[in-house]
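# A look at the structure
Each chain, letter by letter, is given below.
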Amino acid sequence: MSYLCVQLFGRERKTIEPMVLALHGPDLNAIRAVQHFISESPWSAADAVKQHQRMVAEALGDPLGVVMVDGSGFPKQGPYSAGVGYQYCGHLGKLANCQEGVFAVYATRHGYTFLDPRLYLPEPWFDADHQRLRERCGIPDKRAFQTEPALALTMVTDLHTAGVVPFRWVACDEHYGQNTAFLDGIAALGQWYFAEVPSNTHVWLRTPAVQPPGRGPLGRPRIHPRLARNAPVARELRAIAADLPHGAWKRYLIKEGSKGPLLAAFAFLRFRTVRHTLPGPRAWAVLRRSLSAPVELKFHLSNAPLACERRDLAQMSGWRWPVETAFEEAKGEAGMDQYETRSWLGWHHHMLHSFMAHFFLIR
């Protein structure tokens, strides 16, 4: 409780020593006790996260809720923190020595807050040279390499399986949206994804013909299906957008912002996805174009059903602000990025307390 309280103090620096000094005075035993509690004490962060999720569901739960997955970097000095490496740091907007976390943020009409954290471990951390460092950081032996989209899918799957936090949508940026395994995994859960994707994403507006396995006119029999020889080539979304007539674009309200309503022009297309060069599931392409110069064009994919209102799809394109705002608030008000622990346990313990502090402020 002391750790959570001092995270909410209005102090500029929120690492353990200055926080404990502010609460208890110059008590070295208190400082060591809190350091042990965060970095080494074996209490289960996973169990505490489940309790946190139950409280979030009670306060903010909505069947139309949105789970947003996103990553955030934490710059570090030296090579000894769990999962640290020279990688892209979203906090700095460049490559840097940092830890990278993958987070699930929940948003409804009642508010928004964090649900779950996962520490990303770069692939080199699983080689023989890192064995002693893994042991030193207390990384579980059974932990295996997972990409960030794979970690995100695991979080969403756990939320879906637990059934505690109600949600319909899963939203993400193009880092996750361009990963077809992540999108197909969300669809397999029966959830609707709304994913930003790169402009060069390939799709078919019409389903191409496919030749099934079998004997061809020449050579060996085909053991896998393949596109028919006369099948059209899948096209990039940006090329499709450039060919759309003026009448295909309609204005929709995205949200009511602090400076008034936020509007954009949208075009909606039904298309066939590409999966390993073959036709995949049908889905929506939601193209969003800004109304002011310079013109900004964004591309989104969604597996929402055909009956989904286009107004709802347009408004989903504005559901990035809660995750960005949550990170700003948690780092600025609750010290999410101000920790000195290097251990696997310590990182997860600290993130849980940051979640609880943020949830307290939201409440």
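A brief structural summary. The shown structure was predicted, so the numbers you read here are calculated from the model rather than taken from an experiment.

### Focus: the packing of helix 11 (residues 321-333) against helix 12 (residues 344-362)
- Two numbers describe how helix 11 lies on helix 12: the axes approach to 10 Å, and their chain directions differ by 105°. By the criterion of interaxial angle, the relationship of helix 11 to helix 12 is roughly perpendicular. For the pair helix 11 and helix 12, contact is made by A326, E329, A330 and E333 and by H358, L361 and I362, respectively.
- Class assignment for the residues of the contact of helix 11 with helix 12 results in four nonpolar, one polar and two charged.

### Quick notes on the packing of aromatic side chains
- Throughout the structure, instances matching the rule amount to 18 aromatic pairs.
- Ring geometry for F74 versus W347: centroids 6.4 Å apart, planes at 85°, classification edge-to-face. Placement of F74 in strand 1 (residues 66-75) and of W347 in helix 12 is noted, with a sequence separation of 273 residues between them.
- Each ring, one from F126 and one from F145, has its centre 6.3 Å from the other, and the planes form 75°; the classification is edge-to-face. Of this pair, F126 sits in the loop between strand 4 (111-120) and helix 5 (131-137) while F145 sits in the loop between helix 5 and helix 6 (148-162), and the two are 19 residues apart along the sequence.
- Its relative accessible area of 31% is what places F145 among the partly exposed residues.
- By way of ring pairs, the aromatic residues F74, F103, F114, F327, Y339, W347 and F355 are connected into one cluster.
- If you follow R270 out to its NZ or CZ, it ends over the ring of W284, 5.0 Å from the centre.
- Above the face of the F74 ring, K331 is positioned so that its terminal group lies 4.9 Å from the ring centre.

### A word on unusual backbone geometry
- In this chain, A293 is followed by P294 through a cis amide linkage whose omega measures -5°.
- Note on placement: P294 falls in the loop between strand 13 (278-289) and strand 14 (297-302).
- Of note, the phi angle at H276 is positive, near 55°, even though the residue is not glycine.
- Even without glycine at this site, T277 takes up a positive phi of about 75°.

Parameters at a glance
Residues numbered from 1 in each chain as written. Predicted model: local features only at pLDDT ≥ 70, side-chain atom pairs only at ≥ 80, totals over all residues. Heavy atoms only, no water. Axes fitted to C-alpha atoms, helices over the stretch in contact; angles between N-to-C directions. Helix = DSSP H or I, 4+ residues; strand = E, 2+ residues; numbered from the N terminus. Parallel < 35°, antiparallel > 145°, perpendicular 65-115°, else oblique. Contact = heavy atoms within 4.5 Å. Nonpolar A, V, L, I, M, F, W, Y, C, P; charged D, E, K, R; others polar. Phe/Tyr/Trp six-rings, centres within 6.5 Å; stacked < 30°, edge-to-face > 60°. Buried < 20%, exposed > 50% of the residue type's maximum accessible area, 1.4 Å probe, protein only. Lys NZ or Arg CZ within 6 Å of the ring centre and 35° of its normal.

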